[in-house]
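# Structural description and commentary
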Amino acid sequence: MPGFELFGEEERKEINDVMETGILMRYGFDGPRKGIWKSKELEQAICERFGCSYAQLTSSGTSALTTAFAALGIGYGDEVIMPAFTFVASFESVLSVGAVPVLVDVDETLTLNPGAVRKAITPKTKCVMPVHMCGSMADLDALQEICKEHDLILLEDACQSIGASYKGKMVGTIGAAGTFSFDFVKTMTCGEGGVVMTNDKDVYTKCDGYTDHGHDHLGVDRGADLHPFLGYNYRISELHAAIGLAQVRKVDRVLELQKKNHQQLKNILSQVPEVSFRIIPDPAGDSCTFLSWFLPTEEITRAVVAELKVQGILAGNFYWFDNNWHYIRKWDHLKNAVALHRLSPEQTDALTKFQSQDFSASDAVMGRCISTSISTLWSEEQVKEKGEKMVEVIKKVLSK
Ligand SMILES: *Cc1c(COP(=O)(O)O)cnc(C)c1O
């Protein structure tokens, strides 16, 4: 997910525009800023590139999710169904608005299993949040069907899948709202930043106010703005937005390079009959930031990971099953409800129940999965060499 790999003069130019005026804040200072509005420009560019009516920039992907929950009216007393494989930010944002995260199994799409979502619905369920992990997408038709049937809100955490699409529409623009992260390792970066995308003007207006202390942005100056509801400060700065503006223009190039390298690597690994690949609900829409593949058993997968390490080629290969940040197995702080402040009794109760919840269906998927991150900088020769070394390692383990 390498926006940072293609970084240079274009970013410097955008930053310099802001440095000329010294106006680092996205609101106000209309005179001194001399027509430079990087955040507004980036929001417009995001609407155009990804095909949504409204975009609200935020300080991070995490605050984008928090903002989206608030704007969609999700909070205390509500349950949000989400996958057990994601980045911790997904449940952090649920907890931050006072709602309860309900973690359910993933399948070989590495995202929500629609059957598991159905089983988790209670009278308190308000929202289903698929997380489009590792560059590819959830089965959105199935999830939308469930949401329609049960009158639930679909919020897409598309933070990791900038530029992926599902049946012709960009992920993140399909649900009631969707989010991207522009942190340093995402497909495009602002250094830090995020965005909420929506086609609903009311949701957008709420995001706009919530991220800026509740300002309605209708006054003649900031002091004259009204505060129709409570908000926080989740604003992005003009410097970060300036970087994003240069980066959003590179997304097509990034996707093109990722797709090429992904296909070449996949062709090489396909030579091993025991290797299978992640199910992609719309293969044409894969953003190809990762190639995710499976081995027949957890034992074999662990042996391959160990051998990749011995051969010095483990870097860039992620075994999420043992990763502290992406899978329920290692989220002891969550399962023990270790927070710095008191959580609601409903939250504490729900979190501690994760200790005994059966995630064996997800374990059976994640224990066999390795995701190889795809670089935009690889030459054809380098992909060939990398792929062939990986095949050698896999074959060596399988022959034992
Ligand atoms: C990166 C990420 C986030 C959070 O983004 P930050 O900008 O780092 O706060 C949320 N969800 C997922 C799935 C992510 O990968």
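Residues numbered from 1 in each chain as written. Predicted model: local features only at pLDDT ≥ 70, side-chain atom pairs only at ≥ 80, totals over all residues. Heavy atoms only, no water.

## Quick look at the packing of aromatic side chains
Tallied over the full model, the rule gives 14 aromatic pairs. Judged by centre distance (5.9 Å) and plane angle (75 degrees), the rings of Phe290 and Phe318 are edge-to-face. With Phe290 in strand β11 (residues 290–294) and Phe318 in strand β12 (residues 317–318), this residue pair connects regions lying 28 residues apart in the sequence. By relative accessible area, Phe290 is classed as buried at 5%. Through a chain of ring-to-ring contacts, three or more aromatic side chains come together here, namely Phe85, Phe290, Phe318 and Trp320. Over the ring of Trp37 we find Arg33, and its NZ or CZ is 4.0 Å from the ring centre. (Phe/Tyr/Trp six-rings, centres within 6.5 Å; stacked < 30°, edge-to-face > 60°. Helix = DSSP H or I, 4+ residues; strand = E, 2+ residues; numbered from the N terminus. Buried < 20%, exposed > 50% of the residue type's maximum accessible area, 1.4 Å probe, protein only. Lys NZ or Arg CZ within 6 Å of the ring centre and 35° of its normal.)

## Describing the side chain of Gln264
Within the fold, Gln264 resides in helix α9 (residues 251–269). Residue classification places Gln264 among the buried residues on the basis of a relative accessible area of 18%. Residues within four places of Gln264 in sequence aside, it is in contact with Glu380, Val383 and Lys384. (Contact = heavy atoms within 4.5 Å.)

## Observations regarding the sheet that holds strand β9 (residues 194–198)
A sheet is described by the order of its strands in space; here 7 strands give the open sequence β1-β9-β8-β5-β4-β2-β3, paired in mixed fashion. The outermost strands of the open sheet, each flanked by one partner alone, are β1 (54–58) and β3 (100–104). The mean inter-strand angle of the sheet, taken between neighbouring strand axes irrespective of direction, is 25 degrees. Looking at chain direction, strand β4 (residues 125–128) and strand β5 (residues 153–157) are connected through 2 bridges and run parallel. (Pairing = 2+ DSSP bridges. Axes fitted to C-alpha atoms, helices over the stretch in contact; angles between N-to-C directions.)

## Digging into the domain arrangement of the chain
Per the domain assignment, the segments of the chain are domain 1 (3–251) and domain 2 (252–398). For domain 1 versus domain 2, the distance between C-alpha centres works out to 24 Å. Counting residues at the interface gives 42 residues for domain 1, matched by 45 residues for domain 2. Counting the surface lost from both domain 1 and domain 2, the interface buries some 3,700 Å², and carbon and sulfur atoms represent 62% of this. Per-residue buried area on domain 1 facing domain 2 is highest for Glu5, Leu103 and Glu108; these three make up 17% of the total on that side. Linking domain 1 to domain 2 there are 2 salt bridges. Two residues, Arg49 and Asp252, come together in a salt bridge whose shortest N-O distance is 2.6 Å. The interface formed by domain 1 and domain 2 holds 28 residue pairs in polar contact (both at pLDDT 80 or more) in total. Contributing elements (two or more residues each) for the side of domain 1 that touches domain 2: α4 (89–96), β3 and β6 (165–166). Here the side of domain 1 that touches domain 2 gets 4 residues from one element, more than from any other, and that element is β3. The residue makeup of the side of domain 1 that touches domain 2, split by class, is 23 nonpolar, 11 polar and 8 charged. (Domains from an automatic or database assignment. Buried area = accessible area lost by both parts, 1.4 Å probe. Salt bridge = Lys/Arg side-chain N within 4 Å of Asp/Glu carboxyl O. Polar contact = N/O pair within 3.5 Å; in protein donor to acceptor, adjacent residues only side chain to side chain. Nonpolar A, V, L, I, M, F, W, Y, C, P; charged D, E, K, R; others polar.)

## Side note on the site of the ligand
Taken together, 15 residues lie around the ligand, and Gly61, Thr62, Ser181, Asp183 and Lys186 are the ones closest in. Side-chain polar atom of Gln160 to an oxygen atom of the ligand: 2.9 Å apart, as the coordinates give it. In the environment of the ligand, an oxygen atom lies 3.2 Å from a nitrogen or oxygen atom belonging to the side chain of Lys186. For the ligand, whose accessible area on its own is 380 Å², the fraction buried by protein is 94%. Every element with two or more residues in the shell around the ligand is listed here: α3 (61–71) and α4. (Near = heavy atom within 4 Å. Areas by Shrake-Rupley, 256 points an atom, 1.4 Å probe, with all protein chains shown as cover.)

## Some thoughts on the pattern of salt bridges
Opposite charge on two side chains permits pairing when their charged atoms draw close. Enumeration according to the criterion identifies 27 salt bridges in this entry. Notably, a salt bridge pairs Asp212 with Arg235, separated by 2.7 Å at the nearest N-O pair. Of this pair, Asp212 sits in the loop between α7 (201–210) and α8 (238–248) while Arg235 sits in the loop between α7 and α8, and the two are 23 residues apart along the sequence. Given the relative accessible area of 0%, Asp212 is considered buried. For Arg235, a relative accessible area of 24% gives the class partly exposed.

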